[in-house]
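What the coordinates show
Residue-level listing of the chains:
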Amino acid sequence: MNDVKLIFERSCEGKGLGLLPALDVPEAALPDGFGRKTAPRLPELSETEISRHYKTLVKRTYGVNDGFYPLGSCTMKYNPRINEEMAALPQFTQIHPLQPERTAQGCLEVLWRAEQLLCEITGMDNMTFQPAAGAHGEFTGILLVKAYHKSRGDEKRTKIIVPDSAHGTNPATAAMAGFTVVSIPSGEDGCVDLEKLRAAAGEDTAGLMLTNPNTLGLFEKDILEITKIVHDAGGLVYYDGANLNAVMGVARPGDMGFDVVHLNLHKTFSTPHGGGGPGSGPVGCKAFLTPFLPSPRVIKNEDGSFRFERDLPQSAGAVKEFYGNFLVDVRALAYILTLGKEGIPEAAKNAVLAANYLMKKLSEHYDMASGRCMHEFVITLERLKKEKGVSAMDVAKALLDHGIHPPTMYFPLIVHEALMVEPTETEPKETLDEVAGVFASIWEEAQKNPAALHEMPLHTPVRRLDEVGAARNPKIRYEFE
Ligand SMILES: *Cc1c(COP(=O)(O)O)cnc(C)c1O
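Worth saying up front: this structure is predicted, and the values here are computed from it rather than measured.

1. Looking at the state of the cysteines
Per the stated rule, a full pass over the model turns up zero disulfides. Here Cys119 stays unpaired: no disulfide links it, and the sulfur of Cys285, its closest cysteine neighbor, is 7.7 Å away. Owing to a relative accessible area of 6%, Cys119 belongs among the buried residues under this scheme.

2. Observations regarding the site of the ligand
Taken together, 14 residues lie near the ligand, and Ser73, Gly134, Asp240, His266 and Lys267 sit nearest. A distance of 2.8 Å is found between an oxygen atom of the ligand and a backbone nitrogen or oxygen belonging to Ala135. One of the side-chain nitrogen or oxygen atoms of Asn264 is found 3.0 Å away from an oxygen atom of the ligand. Alone, the ligand offers 390 Å² of accessible surface; in the complex the protein occludes 85% of this. Put simply, the parts of the chain that give the shell around the ligand at least two residues each are helix 6 (134-151) and helix 10 (265-268). With three residues, the top contributor of residues to the shell around the ligand is helix 6. Its residues placed into classes, the shell around the ligand shows three nonpolar, eight polar and three charged.

3. Re the nonpolar core
Of all hydrophobic cores here, the largest spans 55 residues; its most connected members are Leu118, Leu197, Met248 and Phe269. Mapped onto this core, the elements with two or more residues apiece are helix 5 (105-122), helix 8 (194-200), strand 4 (205-211), helix 9 (223-232), strand 5 (236-241), strand 6 (260-263), strand 9 (306-309) and helix 11 (326-362). At 11 residues, helix 11 tops the list of elements feeding residues into this core. The residues touching Met248, leaving out its near neighbours within four places in the chain, are Lys77, Ile121, Thr268, Phe269, Tyr335, Ile344, Pro345, Ala347 and Ala348. The next biggest cluster of nonpolar side chains, apart from the first, holds 32 residues, and it includes Ala354, Leu384, Leu432 and Ile442.

4. Quick look at helix 9
Turning to helix 9, its buried residues number three or more, namely Ile223, Ile226, Thr227, Ile229 and Val230. Taken down its axis, helix 9 places every buried residue within 160 degrees of arc, on the same side. Of the exposed residues in helix 9, the ones pointing more than 90 degrees away from its buried face are Leu224 and Asp232. Looking at the buried positions of helix 9, the neighbouring elements they touch are helix 8, strand 4 and strand 5. Phi turns positive, to about 90 degrees, at Gly234, one or two residues after helix 9.

5. Focus: the side chain of His375
You can see His375 is positioned in the loop between strand 10 (367-368) and strand 11 (377-380). Relative accessible area serves as the criterion here: at 1%, His375 is assigned to the buried category. Only 3.5 Å separates the side chain of His375 from the side chain of Glu376, close enough to count as a polar contact. In this structure, His375 is in contact with Pro213, Asn243, Ala246, Ala351, Val352, Ala355, Val421, Glu422 and Pro423, ignoring residues within four places of it in sequence.

6. A short note on the pattern of salt bridges
Scanning the model with the defined rule gives 25 salt bridges in all. With a closest N to O distance of 2.8 Å, Glu84 and Arg331 form a salt bridge. Separated by 247 residues along the polypeptide, Glu84 in helix 3 (residues 81-87) and Arg331 in helix 11 bring together distant segments of the chain. The class of Glu84 is partly exposed, set by a relative accessible area of 22%. Linking Arg157 and Asp154 is a salt bridge whose minimum nitrogen-to-oxygen distance equals 2.8 Å. Since its relative accessible area comes to 11%, Arg157 is described here as buried. Look at the salt bridges and you will find they share partners, linking Asp154, Lys156 and Arg157 into a network.

7. Comments concerning the packing of helix 13 (residues 392-401) against helix 14 (residues 429-448)
If you want to describe how two helices pack, look at the angle between their axes and the distance between the axes. Between helix 13 and helix 14, whose axes approach to 10 Å, the crossing angle comes to 125 degrees. Judged on the interaxial angle alone, helix 14 and helix 13 are oblique. The handedness of the crossing between helix 13 and helix 14 is right-handed. Facing Val395, Ala398 and Leu399 of helix 13, the residues of helix 14 in contact are Val438, Phe439 and Ile442. For the contact of helix 13 with helix 14, the class distribution of residues is six nonpolar, no polar and no charged.

Basis of the calculations
Every chain's residues receive numbers from 1 upward, in the order its sequence appears when written. Predicted model: local features are reported for residues with pLDDT of at least 70 only, side-chain atom pairs are reported and counted for 80 or more only, and whole-chain, interface and lining totals are derived from all residues. Side-chain measures were taken over the full set of non-hydrogen atoms in the model, leaving aside hydrogen atoms and water. Throughout, disulfides are identified as pairs of cysteine sulfur atoms within 2.5 Å of each other. Burial here depends on accessible area, computed with a 1.4 Å probe over protein chains only, as a share of the maximum for the residue type. Under 20% is buried, over 50% is exposed, and the range in between is partly exposed. For each residue, the test is whether any non-hydrogen atom lies within 4 Å of the molecule or strand; if one does, the residue is near. In protein, a polar contact requires one atom able to donate a hydrogen and another able to accept it; more generally it is a pair of N or O atoms within 3.5 Å, and residues adjacent in sequence count only if both atoms are side-chain atoms. Methods summary: accessible areas were calculated by the Shrake-Rupley approach with a probe of 1.4 Å, and residue burial reflects only the protein chains presented. The secondary structure listing takes helices from DSSP runs of H or I that are at least 4 residues long and strands from runs of E that are at least 2 residues long, numbered from the N terminus. Polar here means any residue outside two lists: the nonpolar Ala, Val, Leu, Ile, Met, Phe, Trp, Tyr, Cys and Pro, and the charged Asp, Glu, Lys and Arg; Gly therefore counts as polar. Take the buried Ala, Val, Leu, Ile, Met, Phe, Trp, Tyr and Cys residues and link them wherever side-chain atoms come within 4.5 Å; each set so joined is a nonpolar core. By the convention used here, residues are in contact when the closest approach between their heavy atoms is within 4.5 Å. Each C-beta atom gives one direction from the helix axis, and the arc is the one those directions make. A side-chain nitrogen of Lys or Arg and a carboxyl oxygen of Asp or Glu constitute a salt bridge if their distance falls within 4 Å. With axes taken as lines fitted to C-alpha atoms, and helix axes fitted only over the stretch in contact, angles between N-to-C directions fall between 0 and 180 degrees. Any angle from 65 to 115 degrees is called roughly perpendicular, while one under 35 is roughly parallel, one over 145 is roughly antiparallel, and all others are oblique. Handedness of each helix crossing follows the sense of rotation of the near helix against the far helix: counterclockwise by less than a right angle gives left-handed, clockwise gives right-handed.

Listed below in structure tokens is the structure:
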């Protein structure tokens, strides 16, 4: 297939469309310092060419509406179109964040209702929608933990415990918030080792961050004991709820003893993600932490109207301008209201069922890192690598030739040659059966002709890329000559 030219490479001086009408108002100068020093080098193309350029790009992208997309820990599920329509309503898109509250009551109500419903789902008392992503939510949540200990003058608590089966953002968050990270190894069964946790928890423990289900796709079986051990030591417990898809409507972090939780609305609650679009990582907390939430908060007045509360003297501080990525919250609210009390747990159960069904089918050939799973499972290709020299990377590349987006690779770090598969509840059984067939055929190819797998993919616009080079030395802007 031909290389796609960049829009700048297609540009041809003088072709630019003069779409701006003649000036018919008095000319006004920009205040000093606001104007740019050089003219922008905008690409100049005809409308036909622009349209074709973007269509070419569209054909090269891959999304859940192209095919199977089992990217573990990412919940790439189908997002119902109705929620997009809700988020596109002009009443939600044509507002300004500095508009007077009384003229944006509907928007405030969306935030308030979304807070009520997500608190109900998580077992929390209050929530902020300011954080723009999961990791951003973690950071916000850990700032609450920090502010809480500080408010009590308990400043010796400088450590956050993070099991080694946590998502990588957990230790990063704790470090970013100024804590020392104490990593504890998992037990044989892939769950938190309680003895190791008891040994780690103490007077210097600010809290524990727990990813549940953990990155092996397992629900922490001793979760009540885990939260108790940390509480007994005087620490708080943080629930990384990015993967709530497996438990929503079935079990609530608040009931398990957690004090703070973040959710990824762009995973579980119907916002498409993966292309760097806006996300939302709301943080819920128990009432004793509410005073530390970012400002502003949405409050319902006695007369039923809504207002922003900005006078929050103990707030740990704002983490983003205004109210977060509001339209993501609109989608989440629409999603929850359409699924309702029955639909939410049903979605979670079907996500778990789909994962276990596919895991069972694949385990005819492939080794699994653990037994029965929640919403995702981890394959280990250690044996295939040893016996045939075929790695997780080779299998992932082979999947591309079958039009399947590869699973998450080489994660979690505690599993060698890992492929982490998350099918989600929106995949029909027929697709799961087809996918199992593809995995089986790749396995057979690896037995018969392992060398062929190093050559794949053969049928994609580009073959194997210098992935390390791309990550280390990203070219993200066009270099004009
Ligand atoms: C995806 C994920 C995160 C990070 O979310 P981002 O929106 O990518 O920042 C954190 N924890 C877990 C368990 C996740 O799966």
